Amino acid sequence: MKAMKLLMLAFSISINTALAQEKIENDASQPPLEDRYFGEKPPGLIPVLFAPDIVSPEGLFEGGNHSPDMKEYYFSRKNGKYEKRTFFVIRYENGKWGNETETDIKWPGFSEDGNTMYLGKEYRERTATGWSELKSLGEFLKDQAHGMSISSRGTYYFAVYKKDDSAVNGSIYYSGFINGKQETPVKMGTEINTGIDIAHPYIAPDESYLMWDVEREDGYGGSDIYISFRAKDGSWQPAMNMGSKINTELQESSPSVTHDGKYLFFSRGEWEVREDGSTNWVGKPYWVDAQVIENLRPR
């Protein structure tokens, strides 16, 4: 009976996620399909640079993402002429994308309906007049750092760096939403938490897979993107390196899938050493058809 309930819950979440993605794709209030990604030609199964002339003309990109309505693109840059991390937004208004402008909104994440904006350990809710004041997400996120992702059922997956857990290289935890409240965070197993510099988890809306970046001995060099699929019994299968098309001798990080479920985005870059011995991060955004995820899913 318990297994049947879990199966029915998973089926319900899968259906709801598919309906939400279909709604996004067909939403007439959004930019036309050909405009949603700055007019860029959609990629195939080989990652390509995403809008390099717009978001990373000098290779100073860190990370970015679209809002669910596809009318805003938020991203950050650092190093080079940006001595301090600087945040930007590009908005789709009056039938076209505008120019980038600086913003005080830092690394936003969004609920599926777009009515909640997550900002680190805080959030804002959409109101009739705009966004609410910042509110705390709760004590359960006090140790969160370097990335967070939330599933459709309200489960948080996030990276934690704390010495008292012997996790100086990072670990991924999760906190389920049960009976109207978040549960005490639980550290995931070694199938996920193996390697160094574990960070930037992305959980599928239906929690059928988890992606993150990490340095492991079987990697291609620097941080690579790994994926783990959830088995029928709810356990997490051993992590898989996403392969040489995604990962290279450079550093790949910050994987995420667009709200319509069509594309996988990630960052690729490296640290360059200046003449004075200091380092400078040179990174750019890449995107690829999300079918690459399904091609790795165990049959």
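Everything below is about the structure shown above.
Residues numbered from 1 in each chain as written. Predicted model: local features only at pLDDT ≥ 70, side-chain atom pairs only at ≥ 80, totals over all residues. Heavy atoms only, no water.

Undergrad: Quick one: what's the story with the pairing of strand E8 (residues 116-119), residue by residue and with numbers?
TA: A two-sided burial pattern is seen for E8, the buried positions comprising Thr116 and Tyr118 on one face and Met117 and Leu119 on the other. Between the antiparallel neighbours strand E7 (residues 109-110) and E8 lie five residues, among them Gly114 with a positive phi of about 80 degrees. With four bridges connecting them, E8 and strand E9 (residues 122-127) associate as antiparallel partners. The partner of Met117 across the bridge, within E9, is Arg124. The turn joining E8 and E9, which pair antiparallel and follow one another in sequence, is formed by two residues; a positive phi near 65 degrees is taken by Gly120. (Buried < 20%, exposed > 50% of the residue type's maximum accessible area, 1.4 Å probe, protein only. Helix = DSSP H or I, 4+ residues; strand = E, 2+ residues; numbered from the N terminus. Pairing = 2+ DSSP bridges.)

Undergrad: Help me get a handle on the sheet that holds strand E21 (residues 240-241), residues and values and all.
TA: Spatial ordering of the open sheet is given by E18-E19-E20-E21, a layout of four strands whose pairing is antiparallel. Each edge of the open sheet carries a strand with a single partner, namely strand E18 (196-203) and E21.

Undergrad: Please set out the sheet that holds strand E13 (residues 156-160) residue by residue, giving values where relevant.
TA: As summarised here, the arrangement of the four strands in space is E12-E13-E14-E17, forming an open sheet in which the pairing is antiparallel. Both edges of this open sheet fall to strand E12 (144-150) and strand E17 (186-187), since each of them pairs with a single strand only. Here four bridges tie E12 to E13, and the two strands are oriented antiparallel to one another. In the strand pairing of E13, Met148 is matched with Phe158.

Undergrad: Could you give an account of the nonpolar core, naming the residues involved and the relevant values?
TA: Membership of the largest hydrophobic core comes to 18 residues, with the highest contact counts inside it found for Tyr37, Phe38, Phe50, Val55, Tyr73 and Phe75. Sorting the residues of this core by element identifies strand E3 (72-79), strand E4 (82-93) and strand E23 (263-273) as the ones contributing at least two each. If you tally residues by element for this core, the top one is E4, at four residues. By size, the runner-up hydrophobic cluster in this structure holds 16 residues, among which are Ile225, Ile246, Leu264 and Tyr286. (Core = buried A, V, L, I, M, F, W, Y, C linked by side-chain atoms within 4.5 Å.)

Undergrad: Account for unusual backbone geometry, with residues named and values stated.
TA: The backbone phi angle of Phe38 is positive, close to 60 degrees, even though this residue is not glycine. With respect to the secondary-structure elements, Phe38 resides in the loop between helix H1 (2-26) and strand E1 (48-49). Taking relative accessible area as the criterion, Phe38 reaches 12% and is therefore assigned buried. Backbone geometry places Glu207, a non-glycine residue, at a positive phi of 60 degrees. A relative accessible area of 3% means that Glu207 is categorised as buried.

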